[in-house]
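Letter by letter, the chains look like this.
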Amino acid sequence: CGPCSEIYYDYGEEYAHGDPQLDPRYGPGGEEGDPRFLEIWNLVFNQYEQRKDGTLTPLAKTGIDTGLGLERTTAAVQNVLYVYDTDVYATIFERINEYTGIELLGHDELSDRAMRIVADHARSMAFLVADGVRPGNQRREYVLRRIIRRAMLQAHSSLGMSPEQLAGLAEVEVDYRGDFYEELRRAREDIRRVVTGEAARFVEIYESGMSLLSSEIEHLGGGNFPGDLAFMLHDTYGFPVEVTRAVLADRGLSLDEAGF
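Residues numbered from 1 in each chain as written. Predicted model: local features only at pLDDT ≥ 70, side-chain atom pairs only at ≥ 80, totals over all residues. Heavy atoms only, no water.

**Student:** Sorry, what's going on with unusual backbone geometry here?
**Tutor:** Backbone geometry follows two general trends: most residues other than glycine have a negative phi, and most peptide bonds adopt the trans configuration. Even without glycine at this site, asparagine 79 takes up a positive phi of about 55°. Along the chain, the position of asparagine 79 falls in the loop between α1 (70-77) and α2 (90-100). (Helix = DSSP H or I, 4+ residues; strand = E, 2+ residues; numbered from the N terminus.)

This is how it looks when you write it as structure tokens:
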């Protein structure tokens with residue numbers, strides 16, 4: 001550990017309504033904070049080892065741990081408030097628009113949120129597949145499965161996209177970043193095949209699970225959704241519990257978490 005320096009970009013007084021000493025994006029209670037300042041860089045000057053009793057012992061070799069946010073710096077350079085408004089995401093939003101006819105950010109809150117999630121996840125799935133990861137039930141394989149399924153949930157339910165189109169978004173990342181990350185170009189066919197296959201399986205699970213979930217909600221008539229039913233959907237049908245939670249929340253219901 002050691003001293004820390006944080007570097008912020010100041011968008012100007014017109015955005016000011018908070019204390020620059022606080023986290024600029026979130027207030028003390030986690031609410032939306034002050035958009036005037038954006039942290040783009042931090043540095044930790046490592047010069048001590050902190051013992052369990054709290055004492056500091058000087059390190060034989062010191063160093064600097066530096067983290068510069070590429071997308072946040074891009075937002076500052078291009079003078080936009082959010083990373084999704086930078087040209088880093090422009091090509092993928094254009095492809096979503098080609099597929100769906102939905103305008104780039106600004107159409108409505110639901111589709112805006114879905115577009116951001118899908119755009120972010122498309123990059124993750126492309127790199128994971130290029131690194132040799134395949135969807136599965138453990139460790140990073142499960143992470144990839146969750147990423148593809150969460151992206152497909154948003155693409156399917158909010159944007160009306162197909163599994164093939166989701167794979168097409170991952171290929172946008174191949175074209176956009178392939179000159180710098182050659183492994184993406186080498187894995188193009190694998191990326192298309194893996195994403196399409198996993199996304200298609202999820203759509204089948206989602207549609208059958210939604211039918212069953214809606215039927216159970218109708219019988220329930222309100223209140224707390226039984227945990228054993230949510231587990232049955234998850235364990236028997238492969239319907240993700242996070243989707244069950246989201247559907248219940250949209251309908252003003254809660255899940256019996258302890259029962260689940």
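**Student:** Looking at this structure, how should I read the sheet that holds strand β3 (residues 56-68)?
**Tutor:** Two orientations exist for strands paired in a sheet by backbone hydrogen bonds: parallel and antiparallel. The strand order β1-β2-β3 describes an open sheet built from three strands, whose pairing is antiparallel. Two strands in the sheet have a free side with no partner beyond their single neighbour: β1 (4-10) and β3. Taken over all neighbouring pairs, the strand axes of this sheet differ in orientation by 10° on average, direction set aside. Packed on one face of the sheet, α1 meets β1, β2 (37-50) and β3 and runs near 140° to β2. (Pairing = 2+ DSSP bridges. Axes fitted to C-alpha atoms, helices over the stretch in contact; angles between N-to-C directions. Contact = heavy atoms within 4.5 Å.)

**Student:** Can you help me understand the layout of surface pockets in this one?
**Tutor:** Rolling a probe over the atoms, with the probe sized like a water molecule, indicates the empty space that remains. In this structure, the largest pocket spans a volume of roughly 470 Å³. Around the largest pocket sit 19 residues that line it, and Leu153, Gln154, Ser157, Ala246 and Asp250 are the ones nearest its centre. Elements represented by at least two residues in the lining of the largest pocket include exactly α3 (109-130), α4 (139-157), α7 (188-220) and α9 (241-250). With six residues, α4 is the single largest residue contributor to the lining of the largest pocket. Per-class residue counts for the lining of the largest pocket are nine nonpolar, three polar and seven charged. (1 Å grid on protein atoms, 1.4 Å probe; cavity = no way out; pocket = protein on both sides within 12 Å on 5 of 7 lines; lining within 4 Å. Points joined across faces, edges and corners; volume = space filled by probe spheres on them. Nonpolar A, V, L, I, M, F, W, Y, C, P; charged D, E, K, R; others polar.)

**Student:** I would appreciate a short explanation of the environment of proline 240 in the present structure.
**Tutor:** Residue position: proline 240 is located in the loop between α8 (227-237) and α9. C-alpha separation for the pair proline 240 and tyrosine 181, spaced 59 residues apart in sequence, amounts to 32 Å.

**Student:** I'm lost on the side chain of threonine 86 in this one. Help?
**Tutor:** As for its placement among the helices and strands, threonine 86 is situated in the loop between α1 and α2. Only 2.6 Å separates the side chain of threonine 86 from the backbone oxygen of valine 83, close enough to count as a polar contact. For threonine 86, the residues in contact, after removing those within four places along its chain, are Glu71, Thr74, Ala75, Gln78 and Val80. (Polar contact = N/O pair within 3.5 Å; in protein donor to acceptor, adjacent residues only side chain to side chain.)

**Student:** For this particular structure, what's the right way to read the pairing of β3?
**Tutor:** It is a general feature of regular strands that their side chains alternate between the two faces of the sheet. The sheet contact formed by β2 and β3 spans nine bridges and is antiparallel. Residue pairing across strands places asparagine 46 opposite glycine 63, the latter belonging to β3.

**Student:** What is the right way to look at α1 in this model?
**Tutor:** Every α-helix winds through 3.6 residues per turn, so residues three or four apart in the chain are directed the same way. By the burial criterion, the buried members of α1 are Glu71, Thr74, Ala75 and Ala76. Close packing links the buried residues of α1 with β1, β2 and α3. (Buried < 20%, exposed > 50% of the residue type's maximum accessible area, 1.4 Å probe, protein only.)

**Student:** Explanation requested: the environment of glutamate 171 in the structure shown.
**Tutor:** One can find glutamate 171 in helix α5 (residues 163-177). When the C-alpha positions of glutamate 171 and leucine 159 are compared, they lie 18 Å apart, and in sequence the two are twelve residues distant. Once residues lying within four places of it in the same chain are set aside, the contact partners of glutamate 171 are Arg188 and Arg192.

**Student:** Help me understand a nonpolar patch on the surface, please; the structure alone is not making it clear to me.
**Tutor:** Taken together, the side chains of Ile7, Trp41 and Leu68 define a hydrophobic patch exposed on the protein surface, amounting to about 250 Å² of accessible area. On the secondary structure map, isoleucine 7 appears in strand β1. The class for isoleucine 7 is partly exposed, based on a relative accessible area of 32%. (Patch = residues over 30% accessible without salt bridge, like charges linked within 9 Å, V, L, I, M, F, W, Y side chains within 5 Å. Areas by Shrake-Rupley, 256 points an atom, 1.4 Å probe, with all protein chains shown as cover. Salt bridge = Lys/Arg side-chain N within 4 Å of Asp/Glu carboxyl O.)

**Student:** Sorry, what's going on with the packing of α7 against α9 here?
**Tutor:** Think of two packed helices as two axes; the pair is described by the angle between the axes and how far apart they sit. Where α7 meets α9, the axes come as close as 11 Å, and the angle between the chain directions of the two elements is 45°. Considering the angle they form, α7 stands oblique to α9. Of the two elements, α7 crosses α9, and the hand of that crossing is right-handed. Where α7 abuts α9, its residues Phe202, Tyr206, Met210, Leu213 and Ile217 lie against Val243, Thr244, Val247 and Leu248. Looking at side-chain class alone, the contact of α7 with α9 contains eight nonpolar, one polar and no charged residues. (Parallel < 35°, antiparallel > 145°, perpendicular 65-115°, else oblique. Left-handed = near helix turned anticlockwise from the far one by under 90°.)

**Student:** Which parts of the structure should I look at to understand the packing of α3 against α7?
**Tutor:** At their nearest, the axes of α3 and α7 sit 9 Å apart, and the two run at 115° to each other. Crossing handedness for the pair α3 and α7: right-handed. Listed contacts from α7 to Met125, Ala126 and Val129 of α3 are Asp190, Ile191, Val194 and Val195. Grouping the amino acids of the contact of α3 with α7 by side-chain chemistry returns six nonpolar, no polar and one charged.

**Student:** Teacher, can you tell me more about the pattern of salt bridges here?
**Tutor:** Counted under the stated rule, the structure contains 19 salt bridges. With its nearest N and O atoms 2.9 Å apart, the salt bridge here joins glutamate 242 to arginine 146. On the criterion of sequence distance, the pair formed by glutamate 242 in helix α9 and arginine 146 in helix α4 is long-range, its members being 96 residues apart. When its relative accessible area of 30% is taken as the criterion, glutamate 242 is described as partly exposed. By relative accessible area, which is 38% here, arginine 146 ends up partly exposed. Put simply, glutamate 198 and arginine 149 hold a salt bridge, and the shortest N to O gap is 2.8 Å. Taken as a pair, glutamate 198 in helix α7 and arginine 149 in helix α4 lie far apart in primary sequence, 49 residues in all.

Geometric values such as these leave the question of function open.
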